[in-house]
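# A closer look at the structure
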Amino acid sequence: MSTKSRTRSKTRLSRALGIALTPKAARYLEKRPYAPGEHGRTKRKTDSDYAVRLREKQRLRAQYGIREAQLKIVFEEARKSRGLTGENLVELLEERLDALVLRAGFARTTAQARQMVVHRHILVDGKLVDRPSFRVKPGQMIHVKPKSEAMEPFQVAAAGGHVDVLPKVPAYLEVEIDKLQAKLVRRPKRAEVPVTCEVQLVVEYYAAR
């Protein structure tokens, strides 16, 4: 799929789910705050409870750019952990390496963050990690590989090029953007995580299956 096609696909998905998955989609939603298609402007019929829960699950999955199977695995872990399942779910997802690369401002979108990890540009505590799903532990340092720092995407990031399009850096991260490094100081709390999701609806979706 070409870059143009991926952008169009993300924008369409953003409109369908009612959330901006990329900065470009955010600008598009300001102009067209309704679902795509010929009936997008018309008022939708009342959704069933199942449809509402399904859409909320899709919204969460899309914001982390993960497959259904991946989300379900994390959900099962969240369900078995102490505390509220929905909050546990988001907190565990937020500890993914690609999610933290995005939050730190190294990347502009979730897809770009994942690509940086897969293409072996990211180190954790000095060791190369190429799995986007790698779970970062509190105290660990994330930084760009020295040989990659001169690449244009990282130069843009180091200059603060993504500050205006990304949410404020959350309190669970300490970031030195000019050095392209970030530290997870503690486990994220659901209230701090900048994702749009009614997590209880996601819990109810899986509980009903």
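The structure we're discussing is the one just above.
Residues numbered from 1 in each chain as written. Predicted model: local features only at pLDDT ≥ 70, side-chain atom pairs only at ≥ 80, totals over all residues. Heavy atoms only, no water.

## Some details on the overall build of the protein
Within the protein, the regular secondary structure consists of nine helices and five strands. Moving toward the C terminus, one meets the helices and strands of the protein in the order α-α-α-α-α-α-α-β-β-β-α-β-β-α. Long-range pairs, those at least 24 residues apart, make up 56% of the contacts in the protein with a sequence separation of at least 6. Surface exposure of the protein reaches about 12100 Å², of which carbon and sulfur atoms provide 50%. (Helix = DSSP H or I, 4+ residues; strand = E, 2+ residues; numbered from the N terminus. Contact = heavy atoms within 4.5 Å. Areas by Shrake-Rupley, 256 points an atom, 1.4 Å probe, with all protein chains shown as cover.)

## Section: the packing of aromatic side chains
One pass over the full model with this rule turns up three aromatic pairs. A connected cluster of aromatic rings, assembled from ring pairs, spans Tyr50, Phe75, Tyr205 and Tyr206. (Phe/Tyr/Trp six-rings, centres within 6.5 Å; stacked < 30°, edge-to-face > 60°.)

## Some remarks on the side chain of Glu56
Looking at the secondary structure, you find Glu56 in helix H3 (residues 49-64). The buried category is assigned to Glu56, whose relative accessible area is 6%. The residues touching Glu56, leaving out its near neighbours within four places in the chain, are Thr196, Cys197, Glu198, Leu201 and Val202. (Buried < 20%, exposed > 50% of the residue type's maximum accessible area, 1.4 Å probe, protein only.)

## Comments concerning the pattern of salt bridges
Close approach of charged atoms allows side chains with opposite charge to pair. Under the criterion given, the structure shown has 14 salt bridges. For Arg53, the salt bridge is made with Glu204, and the minimal N-O distance between the two is 3.2 Å. Placement of the pair is Arg53 in helix H3 and Glu204 in helix H9 (residues 199-207), with a sequence separation of 151 residues. The closest approach of N and O atoms between Lys179 and Glu176, which form a salt bridge, is 3.3 Å. Linked by salt bridges that have partners in common, Lys57, Arg61 and Glu68 make up one network. (Salt bridge = Lys/Arg side-chain N within 4 Å of Asp/Glu carboxyl O.)

## A word on the environment of Arg96
If you trace the backbone, Arg96 turns up in the loop between helix H5 (85-94) and helix H6 (97-103). Here Arg96 falls in the buried class, since its relative accessible area comes to 9%. Sequence separation of Arg96 and Val136 is 40 residues, and the distance between their C-alpha atoms is 6.3 Å.

## Some words on unusual backbone geometry
We note that Arg120 has phi near 65°; this positive angle belongs to a residue other than glycine. Assignment of secondary structure puts Arg120 in the loop between helix H7 (110-118) and strand E1 (122-124). The phi torsion at Asp125 lies on the positive side, around 50°, for a residue other than glycine. Looking at where Asp125 falls in the secondary structure, it is placed in the loop between E1 and strand E2 (127-128).

## A look at helix H4 (residues 68-80)
Over its 13 residues, H4 runs 19 Å from end to end, which matches the ideal 18 Å to within 8%, given 1.5 Å per residue. Within the sequence span of H4, burial applies to Leu71, Val74, Phe75 and Ala78. Along the axis of H4, the buried positions cluster into a sector of 110°, meaning they face one direction only. Residues of H4 that are exposed and point over 90 degrees away from its buried face: Ile73 and Lys80. Elements in contact with the buried residues of H4: H3, H5 and H9. (Expected span 1.5 Å × (residues − 1). Arc of directions from axis to C-beta.)

## A look at the environment of Val193
Among the structural elements, Val193 can be located in the loop between strand E5 (181-184) and H9. The exposure class of Val193 is buried, given its relative accessible area of 4%. Expressed as a C-alpha distance, the spacing of Val193 and Ala171, which sit 22 residues apart in the sequence, is 9.4 Å. Leaving out residues up to four positions away in the same chain, Val193 has contacts with Tyr64, Val90, Glu94, Arg103, Tyr172 and Pro188.

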